[in-house]
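Geometric and topological summary
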Amino acid sequence: MKKIISLLTIGNLNFNLLLLTLLSIFSFYINYYYGFKGVNPLDNFTNYNSGFNFLNDKYPFKNFWTATGPFLGLTQSFFFKIFGINWTSYVIHASFFNSIIAISLFLFLINFGVNNILSSIYSILFSVIFYPPVGTPFVDHHSMMFTYLSFFLIVYSLNEKKNYLFLFLPIFFLFGFFSKQTPIAYFFLLILPIIIYNFKRIRIFYSLFLGSLISLFLFVIYIYFTQTSLIDIYYQYFLGTVEVGDYRLKNSSFSYYDVIFRYRFIYISLILISYLLIKNKDFNNSFKISKFEFIYLLLSLNFTMVFHQLLSMNQAFIYSIIFLNIGLCFKFINYDKKFFNNKIFFLLIIFSIFLTLKYHYKYNEPRRFNDLAYSNKEQNINAGKYFPSLNNLYWYTQHSNNPKEEIENLKLTYQVLKNENKKYSLITDYQFLPIELGIYGNSPVKWFHVNVSFPNIKRTDNKNVQRAFSNFFIKQIKDEGIEKIYFVPPHKTRKDIVIKLTNKRCKIEELNIIENFYEEISINCL
């Protein structure tokens, strides 16, 4: 708290507190607003159900196979405890972290010497583009957030000679890595030379060592209380995801458009701040961090984000870094008392607002990141009328051009599941159904995304991982006493994968299929 107060006293304390309050409110509510606009079932419901699983003592790695970390599910379970098990608490989770990263950027820019009003402006612009495109907790965004926080921490610690703050760096890495392995792993690999070089400051070494011990302790505590096997973590979070990375590296596009043109404004902002840094003759007199270290860290952060985006094979979600880059520029652009001598100053601000509006109307408004740009948004359906936990969620998805029919079909399927007497496993993108039913869904996989969330069973060079996945899948079916599997809606590819995984070890009988509703099969694993 003392550190925050000292930062806020750079300028007028009361005014800075006012800016901080307005920034907190704005960054929270802009994400809160968009978090209720439509849903991508595959992406948006995954961590929703994961938080519910924690409340039912069902854990990633142990009870269901996962390619992403437990941090979001664990955190969401706390939000559920505080705000109730509903969509609102889910959106509050993402909105809270959008606020945290906006506030962190504000404090970072002020400490760097940027004017408080400009710091608040660029933190607001950052918050418009960071979490609102997805609106709900997402593993990439959490890992990105801890990557940004790590960058802020290193720069601040080196610049202020606050060596003891390096204690938090391994903790940020732990939280980021167990949200999703990347981009934070890329960033730490790149900055390793800077960290090792600064080991000469023995307090940095001790702080990192202590932080690593704390991180290890937190990890061991998680393993102990969840009774999770390290072997399961190894196969799921390392061997399995290496396969995903290999697939994406081979199948990602590295064309001029995808590498250069698509992210041209990131490069332009990076070139601008790099030019100003190199040109500035007074840097070493104004800062304790060396110019080389700062440029290296900034380049590493930008490279990390772009490389991660290229391999994600997803809609663009890294444009927020533009406003960090441009925000830093204002430390090196002097404001002249003569208004008309500030062309570059105002040109940058206008350019930044233009980019914010461009990305806002490209991603936030049409919900493009969630693949909803061309969905039917006209029926104005409150999902809460059908499923209470989804109250105020404006229902439309990419799966149907008739949202009302889609959600009514799901309601009818819900009634079938509610009346089912046998113990079943539910394999679906609509992972709010277990929450509405008040039961654990018994899916052996966190989410069913071919070539992403579990090993590719068609490959011939990953037999060990395939075998581990098959054994894990069957073990969960046996341990939970599963007699049926429901696919909602019917999904031939997923059914074929289940049949192949359990081949010769489980007896399967196809029972019933109702198009657009569900398919059920019986399963008996000997």
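A few points on the structure. Being a predicted model, the structure only gives us computed values, none of them experimental. (Residues numbered from 1 in each chain as written. Predicted model: local features only at pLDDT ≥ 70, side-chain atom pairs only at ≥ 80, totals over all residues. Heavy atoms only, no water.)

Things to note about helix α21 (residues 463-479)
The criterion, for reference: A helix here means a DSSP run of H or I that spans at least four residues, while a strand means a run of E at least two residues long, and both kinds are numbered starting from the N terminus. Expected helix span is computed as 1.5 Å times (number of residues minus one). Buried residues are those whose accessible area, probed at 1.4 Å on protein chains only, stays under 20% of the maximum for their type, while exposed residues exceed 50% and partly exposed ones sit between those limits. In what follows, residue pairs with any heavy atoms lying within 4.5 Å of each other are defined as contacts.
When the terminal C-alpha atoms of α21 are compared, their 24 Å separation across 17 residues agrees well with the 24 Å that a helix rising 1.5 Å per residue should span. Val 465, Gln 466, Ala 468, Phe 469, Ser 470, Phe 472, Phe 473, Ile 474, Gln 476 and Ile 477 are the residues of α21 that are buried. Those residues of α21 that are buried are in contact with α12 (230-251), β2 (484-488), α22 (492-501), β3 (506-514) and β4 (518-525). Immediately beyond the C-terminal end of α21, within one or two residues, lies Gly 481, with a positive phi of roughly 65°.

Thoughts on the pattern of salt bridges
Heads up, the condition is: Between Lys or Arg on one side and Asp or Glu on the other, a salt bridge is scored when a side-chain nitrogen of the former is within 4 Å of a carboxyl oxygen of the latter.
In this structure the tally under the stated criterion is 11 salt bridges. We note a salt bridge from Asp 461 to Arg 459, for which the minimum N-O separation is 2.8 Å. Given a relative accessible area of 56%, Asp 461 falls into the exposed group. Between Lys 475 and Asp 479 there is a salt bridge, with its nearest N and O atoms 2.7 Å apart. In this pair, Lys 475 and Asp 479 are both assigned in helix α21, four residues apart and thus about one turn of the helix distant. With a relative accessible area of 49%, Asp 479 lands in the partly exposed category. What emerges from the salt-bridge pattern is a single network uniting Lys 58, Lys 423 and Glu 480.

Some thoughts on the state of the cysteines
What counts here: The rule for a disulfide is simple: a pair of cysteine sulfur atoms within 2.5 Å.
Summed over the entire model, instances satisfying the criterion amount to one disulfide. Across the disulfide, Cys 506 is cross-linked to Cys 525 (sulfur-sulfur distance 2.1 Å). Classification of the bridge connecting Cys 506 and Cys 525 rests on its S-S torsion, roughly 100°, and on that basis the disulfide is right-handed. Taken together, the residues Cys 506 in strand β3 and Cys 525 in strand β4 connect sequence positions 19 residues apart. Each member of the pair, Cys 506 together with Cys 525, is buried.

Side note on a positive patch on the surface
Put simply, the rule reads: Like-charged residues are merged into a patch within 9 Å and nonpolar side chains (Val, Leu, Ile, Met, Phe, Trp, Tyr) within 5 Å, provided each residue has over 30% relative accessible area and no salt bridge. All accessible areas in this document rest on Shrake-Rupley with a 1.4 Å probe, and a residue is counted as covered only by the protein chains that are shown. Residues counted as positive are Lys and Arg, residues counted as negative are Asp and Glu, and His and the chain ends are not counted. Note that the charge is assigned to NZ on lysines, CZ on arginines, CG on aspartates and CD on glutamates.
Among the surface-exposed residues, Lys 458, Lys 463, Arg 467 and Lys 500 lie close enough to one another that they form a single positively charged patch. Residue position: Lys 500 is located in helix α22.

A few points about the packing of helix α8 (residues 139-160) against helix α16 (residues 291-312)
Convention followed: Only the stretch in contact is used when fitting a helix axis, every axis being a line fitted to C-alpha atoms; angles between N-to-C directions are given from 0 to 180 degrees. Comment on the angle field: the value is read as roughly parallel under 35 degrees, roughly antiparallel over 145, roughly perpendicular from 65 to 115, and oblique elsewhere. Three classes are used: nonpolar for Ala, Val, Leu, Ile, Met, Phe, Trp, Tyr, Cys and Pro, charged for Asp, Glu, Lys and Arg, and polar for all others, with Gly counted as polar.
It is the contact of α8 with α16, at a shortest axis distance of 11 Å, that shows an interaxial angle of 175°. Taken as axis vectors, α8 and α16 run roughly antiparallel relative to one another. Contact residues: Asp 140, Met 144, Thr 147, Tyr 148, Phe 151, Ile 154, Val 155 and Leu 158 in α8; Glu 293, Phe 294, Leu 297, Leu 298, Leu 301, Met 305 and His 308 in α16. Partitioned by chemical class, the residues of the contact of α8 with α16 number 11 nonpolar, two polar and two charged.

Points about the environment of Asn 401
Within the secondary structure, Asn 401 sits in the loop between α18 (343-364) and α19 (403-418). Between the C-alpha atom of Asn 401 and that of Met 145, which follows or precedes it by 256 residues, the distance is 34 Å.

Comments concerning the environment of Leu 230
Summarising the element assignment, Leu 230 is placed in helix α12. A relative accessible area of 53% places Leu 230 in the exposed class. The spacing of Leu 230 and Phe 61 is 169 residues in sequence and 8.8 Å in space, taken between C-alpha atoms. For Leu 230, the residues in contact, after removing those within four places along its chain, are Phe 219 and Ile 223.

Honestly, it's all geometry; don't read function into it.
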